[in-house]
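# Structural features, examined
In case you want the letters, here they are:
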Amino acid sequence: MNLFLDALAWIVAPERFEGSSSLFVRLGEHLYFTAFSVLIATVIAVPIGYLIGHTGRGRELAVGLSGAARALPSFGLILLLVLVMGVTNKPAAAFTAFVVLAIPSILAGAYAGFEAIERRTINAARAVGMTEWQILWRVEVPLGLPLLIGGIRSAALQVVATATLAAYIGLGGLGYYIFRGLPLGRYDEMLGASILVAVLAIVIDAALALCQRLFVPRGVAAGRTPSLRTAPARRRAMVETSTAP
Amino acid sequence: MIEFTSVSKRFGDGPLVIEDFSLVIPAHKTTVLVGSSGCGKTTLLRMINRMVDPSSGTVEIDGTSVLERDPVALRRSIGYVLQSGGLLPHLRVVDNVATVPRLNGVSRADARARALELLDTVGLDRSLASRYPAQLSGGQQQRVGVARALASDPNILLMDEPFGAVDPIVRAELQQETIRLQRELDKTVVFVTHDIDEAFLLADQVVILEKGGRIVQKGSPSEIIENPANDFVASFIGVDRGARALTIKQTPHGRVLVDDAGRTQGVLVEESAPARRSEGSLP
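Residues numbered from 1 in each chain as written. Chains lettered and ligands numbered in written order. Predicted model: local features only at pLDDT ≥ 70, side-chain atom pairs only at ≥ 80, totals over all residues.

### Observations concerning the overall build of chain A
- Along its length, chain A carries ten helices and zero strands.
- Its helices and strands in sequence order give chain A the pattern α-α-α-α-α-α-α-α-α-α, from N to C terminus.
- Sorting the 245 residues of chain A into buried and exposed places 41% on the buried side. (Helix = DSSP H or I, 4+ residues; strand = E, 2+ residues; numbered from the N terminus. Buried ≥ 20, exposed ≤ 12 C-beta atoms within 10 Å, placed from the backbone.)

Here it is in structure tokens:
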């Protein structure tokens, strides 16, 4: 308990908030690693996931590759990429590792979101005369959004935790304190930074949960495929709309 | 008029689902394709709006082969109703109904105004317009599906087992509504069902299909009940049993018709007026 209090005391100590390695700087770096990696992963994974989901082709390949990517040990991957890409490209190596870790969840969210849509709905959209492009944008994308955002949430959580390792190759982030405290035996510093990473993860998850509520179409309601992390939002949507005139 | 000429279909290298099918579907009439599952009736229906293309043979609408038309434009010009409405769950009722006019470039305001009129046409209260499909009953969803199909005022209406998922009471109500709509709107309706009673109730022309899309018999409901082509048809339509096998019973007040179960189904009067739709167990 003392250690825990020490850790909290370390977090709120005045020197945390000044200088070139203040909490704000490290937090900013950590957020930057996370946000940028997830963004790049989204840009790569969503079009591929949509293509797989829309055509129904290539799913086995995607599942196989995603499974393999998930199984990669993140620490080992970062070190390997630094060795392969060279020590002068450390940031690129770290980002590559984070992106590789983030892609599987987002890819799965993108195609699972499409696959969860009832075939009858797609069939009806085509039968009334929507082009494939219109089916994609007006039917599949909005209806697949809950699962896609769920996938992005998983990816963000994974990257925010793994981004701690960026400090090991000297890139900063909240892991800076952990790797600085480790050889010095500064357990208050290590625990304090760990708590901050955990809190950051919770905050990011909550923020994305809020996104889900804002972006999930209201009519996508009860009775349909229950999906990852969306149940409360849906139940709420139903209560709100069913009392409307 | 829709005309099928020697149409065959196989999916991939599977067996023939439709084998040398020919049929004329007259304009402004209701034609019902009826048969057990797997007889190819839905495949035939979907050939009309190019959801399926025939492997050989032609499907023509008013003398023009559908293969010469762009599938998307063709589908927008034909109303399509399917089971449970096939509505888009993330759009409000009014926007579901307005889907096709919107795709055709009609302004949102005009499309919505037209959609509200159509809700009246299909007997739905306008207050439902802002609801989502999941908030409607099965029967209401089905009506929305019909309104959507009518939105661009198509000449042809395709209905693919539309009432299969609703309970019998609602189904009877929707069937009556379909008859009323057809009287008012005078479309060319092609209706697919496995329910022979539904077929007899709605059809001007009934087409009974067997596996491979083979036509066992076609004709008006009266023609088929009066003269079933073979034992298959007789047993499929049930002329020898149940509510369609009527016997005359003498009562002190005149002669009545009694069904298989001994229930009185009607009164026999002299020179009964229009014979059409008066036979059988119809409500």
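Moving on from the coordinates now.
### Looking at the pairing of strand 11 (residues 247-251) of chain B
- Within strand 11 of chain B, only zero of the five residues are buried, leaving the element largely exposed.
- The turn joining strand 11 of chain B and strand 12 (residues 254-258) of chain B, which pair antiparallel and follow one another in sequence, is formed by two residues. (Pairing = 2+ DSSP bridges.)

### Topic: the sheet that holds strand 4 (residues 56-61) of chain B
All names here are of chain B.
- Across the sheet, which stays open at both edges, the four strands sit in the order 2-1-4-5 with antiparallel pairing between neighbours. Edge positions in the sheet fall to strand 2 (16-25) and strand 5 (64-65), since each has one partner strand and no second.
- Pairing between strand 1 (residues 2-10) and strand 4: five bridges, direction antiparallel. What sits directly across from threonine 5, in strand 4, is threonine 58.
- Here helix 1 (residues 41-48) sits on the sheet and contacts strand 1, strand 2 and strand 4; the angle it forms with strand 2, its principal contact strand, is near 60°. (Contact = placed C-beta atoms within 7 Å. Axes fitted to C-alpha atoms, helices over the stretch in contact; angles between N-to-C directions.)

### Some words on helix 5 (residues 108-121) of chain B
All names here are of chain B.
- Between its first and last C-alpha, helix 5 extends 20 Å over 14 residues, near the 20 Å set by a 1.5 Å rise per residue.
- Taken residue by residue, helix 5 has Ala111, Ala115, Leu118 and Leu119 as its buried positions. Within helix 5, the buried residues cover an arc of 105° as seen down the axis, which keeps them to one side. Projecting away from the buried face of helix 5 at angles above 90 degrees are the exposed residues Ala109, Asp110 and Asp120.
- Packed against the buried residues of helix 5 are helix 3 (93-97), helix 4 (99-103) and helix 6 (138-150). (Expected span 1.5 Å × (residues − 1). Arc of directions from axis to C-beta.)

### Remarks on unusual backbone geometry
Residue and element names in this part refer to chain B.
- One non-glycine residue, serine 6, lies in positive phi territory at about 45°.
- With 12 C-beta atoms packed within 10 Å, serine 6 lands in the exposed category.
- Even without being glycine, aspartate 20 reaches a positive phi, approximately 50°.

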